[in-house]
Amino acid sequence: MKPFRLIIVFCFVFLFVSAFSQKKGTFSGKITDKQTGESLVGASVFVKANMTIGVVSDINGLFTVKAEPGEYYFTISFTGMKTINIPVKIVSDSITYMNIEMEPFSIQFDEVVVRSGKFDKPIEEQTVSVSVMQSKMIESKNTRSIETILDMTPGLTILDQEPQIRGGSGFTFGVGSKVAVFVDDMPVVAGDAGKPDWSLIPVENIQQIEVVKGASSVLSGSSALSGAIYVRSKYPGTKPETNIKVFGGMFTAPRSPAVQWWNGINYIGGVTFIHTQQVGDKNTDLVVGGAFLTDRSYIGAPIPGPYVNDTANITDQDMENRKGRINFNIRRRSVNIKGLNYGINGNLMYKKGSTALAWLDDTANFYRAYPGAVLLSNAFTGYVDPYVNFYTRLGTKHVFNNRIFYNNNQANNNQSSKALMIYNNYQISKTFTTLGNLDFIGGIASQSTFSTADLYEASGSEKNWIWNLSAYVELEKK
């Protein structure tokens, strides 16, 4: 009886394994060059939402992919050919076969993607005026703040720290900017004054900058009436990378010794660093960067004169500028839920600075500030951005991102202010191949700002609150 029982157990195990293996279906086909008809060897075929499911074509251009039953979007790519995304329905214990023809690029472009709308698109497909600056340009200039790079863009000027595109300006002294500024699609315009803090943007952690010239308020908010500036952060490649930069300099003495107020060397110095790496099981991206800068300034403290009496007691040392900033990006690709990635970005900065609104005179004290026209500040600013992205098997993308932005600026002359901004955004996008590759995107965004400012105390209350809710829809078809 024992051999008979063993045969029965073996049959049950065989039937179970066979039934389990039959649950998967097969997607196979042949990949060829549309112009020549030749087979493409080594073309990549993988699931768009899960790159771990995929193969490469063999010497005859043939491929076979096994997957669980369901509807998928497969991406087919090959060097020098246009990438193809096709929907495929895999049926249990069945073979879905396709002949795939790939078209070569008529012109080879650099890998540049811009966000003039809500879609990532190659620059040659843009219908608006866009300027793109790569990280190599930024590194070669050794800029300490991003506005010195933006000033090189035609049609864009930075006046009183306010970006102006084709003449569009804010209310006064940079307040109420008409050019929106985004870092990784999240606004960095401060909630209290409606102006960007350029020193907060991590120059050491920039992949590229995109300047959209022209009204973008429908897609980027009411602050983009004149245009928008998009900053894209870096993420790790396949190999870890660390960059450390140390620099120093000085202000040269003016031609006339009578107008030089400092003794010795009037110096500038600092250090910046960034480290990018895929950690653990290679499903987690980590980026850590920072900057520490000091600038003695070439404008000295006010001094009393025959017609001027300064009671502020500001010293030359008070006019120095110092800044320390730490930023990080963490992104995790889920192993259990295919197509899901989530993470958090952050940026924290402490800054001590001075601003001279007027110089003392145009002769002996040309490089000194006018009494009462000096703004000294000690500011802490920072934000954290938690986010979740989910790509479904059918090619639909869901994005939920948030920003908590806080700044506390302690200043003289009753100019202190605090502000807390909370930004939330949900977005859904999909390409409908059955409608001729029609791109659809829609979403809803909310922004709340709570501010306290000494400047507005005379209006009845130093505290202010505002809440904006908006929805958007975009359709594109080439």
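The shown structure was predicted, so the numbers you read here are calculated from the model rather than taken from an experiment.

Parameters at a glance
- Residues numbered from 1 in each chain as written.
- Predicted model: local features only at pLDDT ≥ 70, side-chain atom pairs only at ≥ 80, totals over all residues.
- Heavy atoms only, no water.
- Core = buried A, V, L, I, M, F, W, Y, C linked by side-chain atoms within 4.5 Å.
- Buried < 20%, exposed > 50% of the residue type's maximum accessible area, 1.4 Å probe, protein only.
- Helix = DSSP H or I, 4+ residues; strand = E, 2+ residues; numbered from the N terminus.
- Contact = heavy atoms within 4.5 Å.
- Salt bridge = Lys/Arg side-chain N within 4 Å of Asp/Glu carboxyl O.
- Pairing = 2+ DSSP bridges.
- Patch = residues over 30% accessible without salt bridge, like charges linked within 9 Å, V, L, I, M, F, W, Y side chains within 5 Å.
- Areas by Shrake-Rupley, 256 points an atom, 1.4 Å probe, with all protein chains shown as cover.
- Axes fitted to C-alpha atoms, helices over the stretch in contact; angles between N-to-C directions.
- Polar contact = N/O pair within 3.5 Å; in protein donor to acceptor, adjacent residues only side chain to side chain.
- Phe/Tyr/Trp six-rings, centres within 6.5 Å; stacked < 30°, edge-to-face > 60°.

Examining the nonpolar core
Ranked by internal contacts, the top residues of the largest apolar core, which has 28 residues, are Ile-146, Leu-150, Trp-198, Ile-201, Ile-209, Val-211 and Ile-229. Secondary structure elements with two or more residues in this core: helix H3 (147–150), strand S11 (156–159), strand S13 (179–183), strand S15 (208–213), strand S16 (227–232) and strand S24 (417–432). Looking at which element gives the most residues to this core, the answer is S13, with 3 residues. Those residues within four positions of Ile-201 in sequence are excluded, and the remaining contacts are Ile-146, Val-181, Val-183, Val-188, Ile-206, Val-231 and Arg-325. Within the second largest apolar cluster, 19 residues are counted, among which are Ile-31, Leu-40, Phe-63 and Val-88.

Let's talk about the pattern of salt bridges
Enumeration over the complete set of coordinates arrives at 10 salt bridges. When the shortest N-O distance is used, the salt bridge between Arg-232 and Glu-210 registers 3.5 Å. Here Arg-232 is found in strand S16, whereas its partner Glu-210 is found in strand S15, with 22 residues between them in sequence. Asp-285 serves as the salt-bridge partner of Arg-333, at 2.8 Å between the closest nitrogen and oxygen.

Topic: the pairing of S11
Walk down a regular strand and you will see the side chains alternate between the two sheet faces. Side chains Leu-156 and Ile-158 project from S11 onto a buried face, and the interleaved Thr-157 and Leu-159 project onto a face without burial. Pairing between S11 and strand S12 (residues 162–165): 4 bridges, direction antiparallel. Considered in S12, the bridge of Leu-159 is made with Glu-162. Linking S11 back to S12 in an antiparallel pair, the connection comprises 2 residues, with Asp-160 at a positive phi of about 55°.

Examining a nonpolar patch on the surface
Taken together, Tyr-342, Val-388, Phe-400, Tyr-426, Ile-444, Phe-450, Trp-465, Trp-467 and Leu-469 make up a surface patch of nonpolar side chains, about 910 Å² in accessible area. Elements supplying a minimum of two residues to the nonpolar patch: strand S25 (438–453) and strand S26 (463–476). In terms of residue count, S26 provides more of the nonpolar patch than any other element does, 3 residues in total. Checked against the element boundaries, Tyr-342 lands in strand S21 (residues 340–356).

A closer look at the sheet that holds strand S1 (residues 25–33)
With mixed pairing, the 3 strands of this open sheet are ordered in space as S4-S1-S7. Each edge of the open sheet is held by one strand with a lone partner, namely strand S4 (62–67) and strand S7 (95–102). With direction set aside, neighbouring strand axes in the sheet form an average angle of 20°. Relative to S7, S1 runs parallel, the two sharing 8 bridges. By the bridge assignment, Phe-27 is partnered in S7 with Thr-96.

Thoughts on the side chain of Ser-199
Its location among the elements puts Ser-199 in the loop between strand S14 (186–187) and S15. Residue classification places Ser-199 among the buried positions, given a relative accessible area of 10%. Within the structure, the side chain of Ser-199 is placed 3.2 Å from the side chain of Lys-351, a separation counted as a polar contact.

A look at the environment of Leu-225
Inspection of the secondary structure puts Leu-225 in the loop between helix H4 (217–220) and S16. On a C-alpha basis, the gap between Leu-225 and Ala-180 in space is 8.1 Å, while along the polypeptide they are 45 residues apart.

Digging into the packing of aromatic side chains
For any pair of aromatic rings, the description rests on two quantities: the centre-to-centre distance and the angle between the ring planes. Inspection of every chain in the model, using the stated rule, returns 8 aromatic pairs. Between Phe-27 and Phe-63, the ring centres sit 5.2 Å apart and the planes meet at 70°, which makes this aromatic pair edge-to-face. Separated by 36 residues along the polypeptide, Phe-27 in strand S1 and Phe-63 in strand S4 bring together distant segments of the chain. The exposure class assigned to Phe-63 is buried, which follows from its relative accessible area of 3%. Seen from their ring centres, Phe-182 and Tyr-230 are 5.3 Å apart, and the 15° between their planes marks the pair as stacked. Of the two residues, Phe-182 sits in strand S13 while Tyr-230 sits in strand S16, which places them 48 residues apart along the sequence.

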